[in-house]
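For reference, the chains in residue letters:
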Amino acid sequence: MAKHAVLSSGAKLWRSLPCAKSELRLELTLACGQTFRWRENADGHWTGVIGGRVWTLTQTEDTLWYYVYTNQGGAGGENSSEDSLRAESVTASHHSEVEEEMLRDYFQLHVKLGDLYKEWGAADSHFKKISDIFTGVRMLRQDPTECLFSFICTSNNHISRIQGMVERLCQALGSPLCQLDQTSYHDFPTLSALADSGVEERLRDLGFGYRARFLQQSAKQILDTHGPQWLVGLRNVPYLEARDSLRTLPGVGTKVADCVCLMCLDKCEAVPVDTHVWQIAKRDYKYTSDNGQKTLTEKVHRDIGDFFRKLWGPYAGWAHSVLFCADLKKFQHLKEMKSLKQPQNEEEREGECKGLKVKREFDGHEKKKKPKSERQKKAKMSVKTEEV
Ligand SMILES: Nc1nc2[nH]c(O)nc2c(=O)[nH]1
């Protein structure tokens, strides 16, 4: 039974869960680059797919509201005989229990984020400062196939382009779920749809470039070598073992494997390290690698991961995502709003006068502006973007 309030707006029946914004902020959690299919179609209303169903989510200060579409595009059918109405009402109440559980699982609501923020903030003054603005950034527990194949698309890519690719992937290879206004929603493709021999060419035609081959070959390797339950089964093996298994797949390096471990395989300690996270470590934590390493080697991955695990503890991957989110260009206005509200301290104002606080954006992340001579040198070198 749906235990919580039901809100009727027009023909729609909304259900709800108690959930404070400090535990979950949809606009940060669904848009910070851990998942790529949610869209804010109306102010504060996010539509996407969980577990083969289309959902719209929205929230008020202490409540998460949700609406699940049937494949006719609305809740409930058109049948009107008494028996069928009774059967429908039993089915509906079963659906609402199942759906509530799906949502709790997807947002991992059993994890008390407010308590974790307190622990991380007590251990780390930089985190404390950032977390006053970026509350409610929560790790999702995604479907492993969706998460793995979306992250194969992230190499050398930006969040908005990844979103476009993932959507095209679903439109081309996923089963249709429902149509809302002009938009048709599809499920994420199954492993067997992705493994089909024609998929590489099809995805190349859709603009996936070299990723087309990785997607088809990874799906085929999983099915040929391990079977369809292998990915989800990695939830039950230790972190490093799961990560090594994932790295045997084409197109899956350490960073992608760590994202998959963290975002769908229950490995809360996995810290995906890329140049942005390395930059955060150097800039905000004065982290220096042994022997002045300049490239992201396996050792740098391990050392930075260990550095953050030591600082933040067993949920280090969750804490990392708060800083990752806070560094995204699209959320810089939140920091600016906060600094407009609060008078800056003397030191900061002085720095600004001396031109020390000038910042620019790059690759979707915030970066400090380099001295001009360095920028000129860099402009002559070829630019290689990173996985986002
Ligand atoms: N280190 C991280 N890299 C990412 N890429 C992406 O799309 N999301 C993340 C992330 O949370 N951390």
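About the cut-offs
- Going along each chain's sequence as written, the residues are numbered from 1 onward.
- Only residues with pLDDT of at least 70 get local features here, since the model is predicted, and only at 80 or more are side-chain atom pairs given and counted; chain-wide, interface and lining totals rely on the full set of residues.
- The basis for every side-chain value is the complete set of heavy atoms in the structure, and neither hydrogens nor water enter the calculation.
- UniProt positions are given in the numbering used here, feature names are shortened, and annotations may be inferred rather than shown by experiment.
- Between 30 and 60 degrees the pair is tilted, below 30 it is stacked and above 60 it is edge-to-face, where a pair is any two Phe, Tyr or Trp rings, Trp via its six-membered ring, whose centres lie within 6.5 Å.
- Numbering goes from the N terminus for both helices and strands, where a helix is a DSSP run of H or I of at least four residues and a strand is a run of E of at least two.
- Only protein chains enter the accessibility calculation, which uses a 1.4 Å probe; a residue is then buried when its area is under 20% of its type maximum, exposed when over 50%, and partly exposed in between.
- Only Lys NZ and Arg CZ are tested; either one counts as a charge over a ring when it is within 6 Å of the ring centre and within 35 degrees of the ring normal.
- Whether two residues are in contact is decided by their heavy atoms, any of which lying within 4.5 Å being enough.
- An axis is simply a line fitted to the C-alpha atoms; with a helix, the fit covers only the stretch in contact. Between two such axes, the angle follows the N-to-C directions and lies from 0 to 180 degrees.
- What sets the label is the angle itself: under 35 degrees gives roughly parallel, over 145 gives roughly antiparallel, 65 to 115 gives roughly perpendicular, and the rest give oblique.
- Think of it as three bins: nonpolar holds Ala, Val, Leu, Ile, Met, Phe, Trp, Tyr, Cys and Pro, charged holds Asp, Glu, Lys and Arg, and polar takes everything else, Gly as well.
- Side-chain atoms within 4.5 Å link the members of a nonpolar core, which is a set of buried Ala, Val, Leu, Ile, Met, Phe, Trp, Tyr and Cys residues.
- Salt bridges are counted wherever a side-chain nitrogen of Lys or Arg sits within 4 Å of a carboxyl oxygen of Asp or Glu.
- Here, a disulfide means two cysteine sulfur atoms that sit within 2.5 Å of each other.
- Two N or O atoms count as a polar contact when they lie within 3.5 Å, although within protein this holds only if one can serve as hydrogen donor and the other as acceptor, and sequence-adjacent residues are included solely when both atoms are side-chain atoms.

Per an unreviewed UniProt entry, the protein goes by the name N-glycosylase/DNA lyase and belongs to Poecilia latipinna. What UniProt records for the protein under Sequence similarities (unreviewed entry) is the sentence "Belongs to the type-1 OGG1 family." Quoted verbatim from the Catalytic activity (unreviewed entry) field of UniProt, the annotation for the protein is "2'-deoxyribonucleotide-(2'-deoxyribose 5'-phosphate)-2'-deoxyribonucleotide-DNA = a 3'-end 2'-deoxyribonucleotide-(2,3-dehydro-2,3-deoxyribose 5'-phosphate)-DNA + a 5'-end 5'-phospho-2'-deoxyribonucleoside-DNA + H(+)".

(A) Quick look at the packing of aromatic side chains. Scanning the model with the defined rule gives 18 aromatic pairs in all. Taking 6.4 Å as the distance between ring centres and 65 degrees as the angle between the ring planes, the aromatic pair formed by Phe127 and Trp312 counts as edge-to-face. Linking Phe127 in helix 4 (residues 125–131) with Trp312 in helix 14 (residues 298–312), this pair joins segments that are 185 residues apart in sequence. By relative accessible area, which is 7% here, Trp312 ends up buried. Ring centres of Tyr285 and Phe307 lie 6.1 Å apart, and the angle between their planes is 75 degrees; this geometry places the pair in the edge-to-face category. Of this pair, Tyr285 sits in helix 13 (residues 275–285) while Phe307 sits in helix 14, and the two are 22 residues apart along the sequence. Exposure remark for Tyr285: the relative accessible area of 14% places this residue in the buried category. Three or more aromatic residues joined by ring pairs make a cluster, and in this case those are Tyr117, Trp120, Phe127, Tyr285, Tyr287, Phe307, Phe308 and Trp312. The ring of Trp278 is capped by Lys282, whose NZ or CZ atom sits 4.3 Å from the centre of that ring.

(B) Representation of the environment of Leu223 in the model. Relative to the helices and strands, Leu223 resides in helix 9 (residues 211–226). The class for Leu223 is partly exposed, based on a relative accessible area of 27%. Sequence spacing of Leu223 and Ala195 is 28 residues, and the spatial spacing of their C-alpha atoms is 7.9 Å. Apart from the residues lying within four places of it in its own chain, the contact partners of Leu223 are Leu191, Ser192, Ala195 and Pro228.

(C) Up close: the packing of helix 14 against helix 15 (residues 316–326). Contact pair helix 14 / helix 15: the axes reach a minimum separation of 9 Å and the direction vectors enclose 100 degrees. Viewed along their axes, helix 14 and helix 15 adopt a mutual orientation that is roughly perpendicular. Seen from helix 14, the contacting residues are Phe308, Arg309 and Trp312; seen from helix 15, they are Ala316, Ala319, His320 and Leu323. Here the residues of the contact of helix 14 with helix 15 are counted per class, giving 5 nonpolar, 1 polar and 1 charged.

(D) Fine view of the nonpolar core. Residues Phe107, Phe134, Phe149 and Leu246 are the most contacted members of the largest nonpolar core, which totals 101 residues. Not counting chain neighbours up to four residues away, the residues in contact with Leu246 comprise Trp230, Leu231, Leu234, Val252, Ala257, Val260, Cys261 and Leu265.

(E) Seen up close, the pattern of salt bridges. Going through the model one piece at a time under the given rule, you end up with 21 salt bridges. A salt bridge links Asp306 to Arg309; the shortest N-O distance between them is 3.1 Å. Of the two residues, Asp306 and Arg309 are both situated in helix 14; the distance of 3 residues between them amounts to about one turn of the helix. Judged by relative accessible area, Arg309 falls into the partly exposed class, the value being 21%.

(F) Structural context of the state of the cysteines. Taken as a whole and judged by the stated rule, the model has 0 disulfides. With no disulfide of its own, Cys170 lies closest to Cys153 among cysteine sulfurs, the gap being 9.3 Å. For the unlinked cysteine Cys178, the closest cysteine sulfur is that of Cys170, found at 13 Å. Cys178 sits in the buried class, given a relative accessible area of 8%.

(G) Structural detail: helix 13. Taken together, the buried positions of helix 13 are occupied by His276, Val277, Trp278, Ile280, Ala281, Arg283 and Tyr285. Looking one or two places after helix 13, you find Lys286, whose phi comes out positive at around 50 degrees.

(H) Region of the structure containing the side chain of Thr58. Here Thr58 is to be found in strand 5 (residues 53–60). Side-chain polar atoms of Thr58 contact the backbone oxygen of Gly44, separated by 2.8 Å. Filtering out sequence-adjacent residues up to four positions away, Thr58 remains in contact with Trp14, Leu26, Gly44, His45, Thr63, Leu64 and Trp65.

(I) How the structure looks around the packing of helix 13 against helix 15. It is the contact of helix 13 with helix 15, at a shortest axis distance of 11 Å, that shows an interaxial angle of 85 degrees. In terms of their interaxial angle, helix 13 and helix 15 are classed as roughly perpendicular. In this structure, helix 13 uses Val277, Ile280 and Tyr285 to contact helix 15, whose residues at the interface are His320, Leu323 and Phe324. Each residue belonging to the contact of helix 13 with helix 15 can be placed in one class, and the counts come to 5 nonpolar, 1 polar and no charged.

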